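Residue strings, one per chain:
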Amino acid sequence: QVQLVESGGGLVQAGGSLRLSCSASGDTSCFSAMGWHRQAPGKEREGVSCIKISDGRTYYADSVKGRFIISRDNAKNTVYLQMISLKPEDTGVYYCAAGPWDRANAWTDFGSWGQGNQVTVSS
């Protein structure tokens, strides 16, 4: 069993920055990647970014490439998402998750999820 604790959300004006963090505990050997999904009001949850724990390979959704950077501190079992040049369309609840790097579409069934963190970007 894996527990994920998120922090770092908040309210920011367009063009501003926020950093999200997510710390894992429990049986952390049961996943190979960590990252974030987000859900805007009335929208489906979508993948934002993830990082492979072993070698640091990264994935970014097209909508955030060049603006978001994901990183990890394996000694702390913690992943960070630095978000810059935020846009109103980035608004949503950001959920940290842990799951299999090679099977991204299996995270809903086999992944572990954090409690969610609200990010609001005002125009």
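Residues numbered from 1 in each chain as written. Predicted model: local features only at pLDDT ≥ 70, side-chain atom pairs only at ≥ 80, totals over all residues. Heavy atoms only, no water.

Looking at this structure, how should I read the overall build of the chain?
Of regular secondary structure, the chain possesses one helix and 11 strands. Reading the secondary structure of the chain in the N-to-C direction produces β-β-β-β-β-β-β-β-β-α-β-β. Taking 14 Å as the expected radius of gyration for a compact globule of 123 residues, we find that the chain reaches 13 Å, a close match to that expectation. On the principal axes, the C-alpha backbone points of the chain span a range of 40 × 30 × 25 Å. Here the chain holds 123 residues, and 43% of them are scored as buried. Taking as baseline every contact in the chain between residues at least 6 positions apart, the subset at least 24 positions apart corresponds to 56%. Within the structure as shown, the chain displays about 6,600 Å² of accessible surface, and the carbon and sulfur contribution to it stands at 47%. Taken as two groups, the 12 positive and 11 negative side-chain charges of the chain have centres that lie 5 Å from each other. (Helix = DSSP H or I, 4+ residues; strand = E, 2+ residues; numbered from the N terminus. Rg over C-alpha atoms; globule rule 2.2 N^0.38 Å. Buried < 20%, exposed > 50% of the residue type's maximum accessible area, 1.4 Å probe, protein only. Contact = heavy atoms within 4.5 Å. Areas by Shrake-Rupley, 256 points an atom, 1.4 Å probe, with all protein chains shown as cover. Lys, Arg positive; Asp, Glu negative; His and termini not counted. Charge placed at Lys NZ, Arg CZ, Asp CG, Glu CD.)

For this particular structure, what's the right way to read the state of the cysteines?
A covalent bond between the sulfur atoms of two cysteines is referred to as a disulfide. One pass over the structure, following the stated rule, counts one disulfide. One disulfide bridge connects Cys22 with Cys96, the sulfur atoms lying 1.9 Å from each other. Looking down the S-S bond of the Cys22 and Cys96 bridge, the torsion is -90°, so its handedness is left-handed. Here Cys22, found in strand E3 (residues 18-26), pairs with Cys96, found in strand E9 (residues 92-99); they are 74 residues apart in sequence, far enough to count as distant. Note on Cys30: no disulfide assigned, nearest cysteine sulfur contributed by Cys22 at a separation of 16 Å. Cys50 forms no disulfide, and the closest cysteine sulfur to it belongs to Cys96, at a distance of 11 Å. (Disulfide = S-S within 2.5 Å.)

Explain the environment of Arg45 here, please?
Relative to the helices and strands, Arg45 resides in the loop between strand E4 (33-39) and strand E5 (46-52). Separated by 27 residues in the primary sequence, Arg45 and Leu18 have C-alpha atoms spaced 20 Å apart. Once residues lying within four places of it in the same chain are set aside, the contact partners of Arg45 are His37, Arg38, Gln39, Tyr95 and Trp113.

Any chance you could explain unusual backbone geometry here in plain terms?
Excluding glycine, most residues fall at negative phi; most peptide bonds, likewise, are trans. One non-glycine residue, Asn77, lies in the positive phi region at around 50°. Relative to the elements of secondary structure, Asn77 occurs in the loop between strand E7 (68-73) and strand E8 (78-83). Positive phi outside glycine occurs at Ser85, with the angle close to 50°. Its place among the elements puts Ser85 in the loop between E8 and E9.

Teacher, can you tell me more about the packing of aromatic side chains here?
Pairs of aromatic rings are described using the distance from one ring centre to the other and the angle between the two planes. Under the defined criterion, the tally for this structure stands at zero aromatic pairs. Positioned above the aromatic ring of Tyr95, the side-chain terminus of Arg45 is 3.9 Å from the ring centre. The ring centre of Trp113 lies 4.9 Å from the NZ or CZ of Arg45, which sits over that ring. (Phe/Tyr/Trp six-rings, centres within 6.5 Å; stacked < 30°, edge-to-face > 60°. Lys NZ or Arg CZ within 6 Å of the ring centre and 35° of its normal.)

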